[in-house]
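# Understanding the architecture of this molecule
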Amino acid sequence: MAERTQDIVVLRRRRNRRRRLYKTLLFLTVVIVAVGLYVKRDVWFPKLEGIGSRYQAIRQSDGNSAQGNFPLLISGGIDYETAELDGNLALLSDAYFYIYSLDGEQREIRQHAYAGARMETAGKRALVYESGGNRFRVESVYKTVYTGETEGQIVFARISRTGEVAVVTTSDHCACVLTVYDASGASIYTRNCVDRIMDLDFSADGDGCTAAMLTAEGGQIMSTLYSFSFASKSDRWKTEPIDTLCISVYNTNDGGVFLMGDTKCAYFDASGAMTGSYTYPATLVDGDCADGKAALLFENDTRRQTSLVMLKRSVNEPQEIEFETTAKSVRVQNGDAYVLTRSNILSYSFGGKNETTTEVADSYESFRQIDDYYFLFGYDTIDRINYEE
């Protein structure tokens, strides 16, 4: 009887050991699979994109209208960004990266799963990054070129026409860190900054950039420009501080720089010397600059009037145009300034002449011109109209 009891105890111990072993093996299998899926997420994640596309936030029209597949309809009031990408229209929503032909045909849809996703484009590539996160990816019309991760949280990122990517991240040891990647995704430049970078713009050949840093003197916000070469740790040049908060920096093809601030703007030559500044007459609504030509929209709250100011590589003779209706957005393209109002898109030469007028509806807040079309962006609609010279 004692031997039988002992055998039962032994069998129970063996059974319990087997159960513990099975549970351990099952747990290890789950961990290994989870780690493997995480490591290979860039391979398997795109395969799930088709599942989510059963319900798309952006839908095409039936294609029977005169505008082809336009308008595109935005569902659920999602926030979205738009840009030109290699002769196509790129759209970024909270979950997807879309590419449409100029006729409105959907060429690509890729899921990104980035919280706070932002987009920049230049030439044939688009940069999608996670604002406040640590992931980014570079896209072309045909594929995801590469993906990357940063140590700190991404503040903002920029991409050049030659494929270089600059990422500004937070740091525990300095105000921010600037990291630059070449067209293949390899890190080629790193800089720890004692002041926060507000914006930057690549040089034409992508071998350096101009960065605006936030400083303070006597309790007043200032902006200082630095010119960096990615082949050297030394600065090319540094400007004297200017008393404005930098919004955007634009390099010009003659080596100069245009700085657009919140209260004033300024031009600098190729050595960093200021050639002139312009103090704003009212509240800045929107602004753009291309090849040294700057167009600024202002709103006068007292007079309830909006105006356009155009500067051509100089602040000595600004051209000012007042509007009877509200002006919403401005772009500089093809050597002219284009302004979206409640009822029209107006183009002006930098001599102040009204070149073209195109009627639009009041429901659009911004626009862009690609080839022979204006693309209009509203809360729940993206439309296309012909550009007529």
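Our structure is the block above this text.
Notes on the structure follow. The residue numbering used here restarts from 1 in each chain and proceeds along that chain's sequence as written. In keeping with the model being predicted, local features are shown solely for residues with a pLDDT of at least 70 and side-chain atom pairs are shown and tallied solely at 80 or more, while totals for entire chains, interfaces and linings include all residues. Side-chain descriptors were evaluated using all non-hydrogen atoms of the structure, hydrogens and water having been removed beforehand.

## Details of the packing of aromatic side chains
Each aromatic pair joins two rings of Phe, Tyr and Trp (for Trp, the six-membered one) with centres within 6.5 Å, and gets the label stacked for planes under 30 degrees apart, edge-to-face for over 60, and tilted for any other angle. Applying the stated criterion to the full structure yields 15 aromatic pairs. On the basis of an interplanar angle of 20° and a centroid distance of 6.0 Å, the ring pair of Y98 and Y100 is categorised as stacked. Think of it in three bands: with a 1.4 Å probe and only protein chains considered, a residue is buried below 20% of the maximum accessible area for its type, exposed above 50%, and partly exposed in between. Residue Y100 is classed as buried on the basis of its relative accessible area of 0%. Through a chain of ring-to-ring contacts, three or more aromatic side chains come together here, namely F70, Y373 and F375. Only lysine NZ and arginine CZ atoms are considered, and such an atom sits over a ring when it is within 6 Å of the ring centre and within 35 degrees of the ring normal. A cation over a ring is seen here: K233 above Y189, with NZ or CZ 5.0 Å from the ring centre.

## Thoughts on the sheet that holds strand β24 (residues 293-300)
Pairing between strands requires that DSSP locate at least two bridges from one strand to the other. Secondary structure elements are defined from DSSP: runs of H or I of at least 4 residues count as helices, runs of E of at least 2 residues count as strands, and each element is numbered from the N terminus. What the four strands build is an open sheet, ordered β23-β24-β25-β26; its pairing is antiparallel. On the outer flanks of this sheet lie β23 (283-290) and β26 (319-323), each paired with one strand and no other. For this sheet the average axis-to-axis angle between neighbouring strands, irrespective of direction, equals 15°. With seven bridges joining them, β23 and β24 adopt antiparallel strand pairing. The residue of β24 that forms the bridge with A290 is K293. To get an axis, a line is fitted to the C-alpha atoms, and for a helix only the part in contact is used. The angle between two axes follows their N-to-C directions and goes from 0 to 180 degrees.

## Digging into the nonpolar core
Put simply, buried Ala, Val, Leu, Ile, Met, Phe, Trp, Tyr and Cys residues joined by side-chain atoms within 4.5 Å make one nonpolar core. Formed by 29 residues in total, the largest nonpolar core has its most connected members in L127, F136, V165, L178, I197, L200 and F228. Leaving out residues up to four positions away in the same chain, F228 has contacts with L178, Y189, R191, G208, C209, A211, M213, D235 and R236. In this structure, I74, Y373, F375 and F377 belong to the second largest nonpolar core, which totals 18 residues. Contact criterion: two residues are considered in contact whenever any of their non-hydrogen atoms come within 4.5 Å of each other.

Read these as geometric descriptors, not functional statements.
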